[in-house]
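Commentary on secondary and tertiary structure
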Amino acid sequence: PTGRITNRFSRDMDAIDQNLAVEIYWFIRTLFQAVSMVVVIAITIIYFTLLAVPLGVLYYNLMQYYRAASRDVKRIDSVSKSPIFTHFSTTLEGLASIRAFGQADR
């Protein structure tokens, strides 16, 4: 459990520090582009609005499927990395005992 907690914490902090600002920028930019394209197309071609509703439902269903698959992949990745973090944390916890008994040279 200690390795899982450390793994989760380090990954979350990395995502916040590295990726969050860039992802927010790209999300807002893509959102404005998509909304403006849909408005221009809907004004120009009225039949597009009739086709957009079924396509929106299809997109939503694909999004739900991808989200579930992505969550499973992240869980498997986290579980596979947790023994590494557990070993690292127990090594650091035992470092004082190793130095106390003078076994640091081994």
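Above this text sits the structure in question.
Everything numeric here is computed off the predicted structure, so don't read it as measured data.

When its secondary structure is counted, the chain shows 2 helices and 0 strands. Compactness check: the chain gives a C-alpha radius of gyration of 24 Å against a globular reference of 13 Å for 106 residues, more than 25% above the reference. Taken along the three principal axes of its C-alpha coordinates, the chain extends 80 × 25 × 15 Å. With the model as given, the accessible surface of the chain reaches about 9,400 Å², and the carbon-plus-sulfur share is 70%. Here the chain carries 11 positive and 8 negative side-chain charges, and the mean point of each set is 6 Å from the other.

Given two aromatic rings, their pairing is described by the distance between the two centres and the angle made by the two planes. One pass over the full model with this rule turns up 1 aromatic pair. On the numbers, 5.4 Å between centres and 70° between planes, the contact of tyrosine 25 with tryptophan 26 is edge-to-face. Judged by its relative accessible area of 46%, tyrosine 25 is partly exposed.

Its location among the elements puts phenylalanine 27 in helix α1 (residues 2–44). For phenylalanine 27, a relative accessible area of 55% gives the class exposed. Separated by 18 residues in sequence, phenylalanine 27 and isoleucine 45 have C-alpha atoms that sit 26 Å apart.

Let us look at helix α2 (residues 47–100). Compared with an ideal rise of 1.5 Å per residue, which puts 54 residues at 80 Å, α2 spans 79 Å between its outermost C-alpha atoms and is within 8% of the ideal. Of all the bends found along α2, the most pronounced is centred on glycine 94 and spans about 40°. Buried within α2 are the following residues: Ser70, Ser78, Ser82 and Ser89. Count one or two residues on from α2 and you reach glycine 102, which has phi positive near 70°.

Basis of the calculations
- Residues numbered from 1 in each chain as written.
- Predicted model: local features only at pLDDT ≥ 70, side-chain atom pairs only at ≥ 80, totals over all residues.
- Heavy atoms only, no water.
- Helix = DSSP H or I, 4+ residues; strand = E, 2+ residues; numbered from the N terminus.
- Rg over C-alpha atoms; globule rule 2.2 N^0.38 Å.
- Areas by Shrake-Rupley, 256 points an atom, 1.4 Å probe, with all protein chains shown as cover.
- Lys, Arg positive; Asp, Glu negative; His and termini not counted.
- Charge placed at Lys NZ, Arg CZ, Asp CG, Glu CD.
- Phe/Tyr/Trp six-rings, centres within 6.5 Å; stacked < 30°, edge-to-face > 60°.
- Buried < 20%, exposed > 50% of the residue type's maximum accessible area, 1.4 Å probe, protein only.
- Expected span 1.5 Å × (residues − 1).
- Bend = angle between axes of the 7 residues up to and from the residue.

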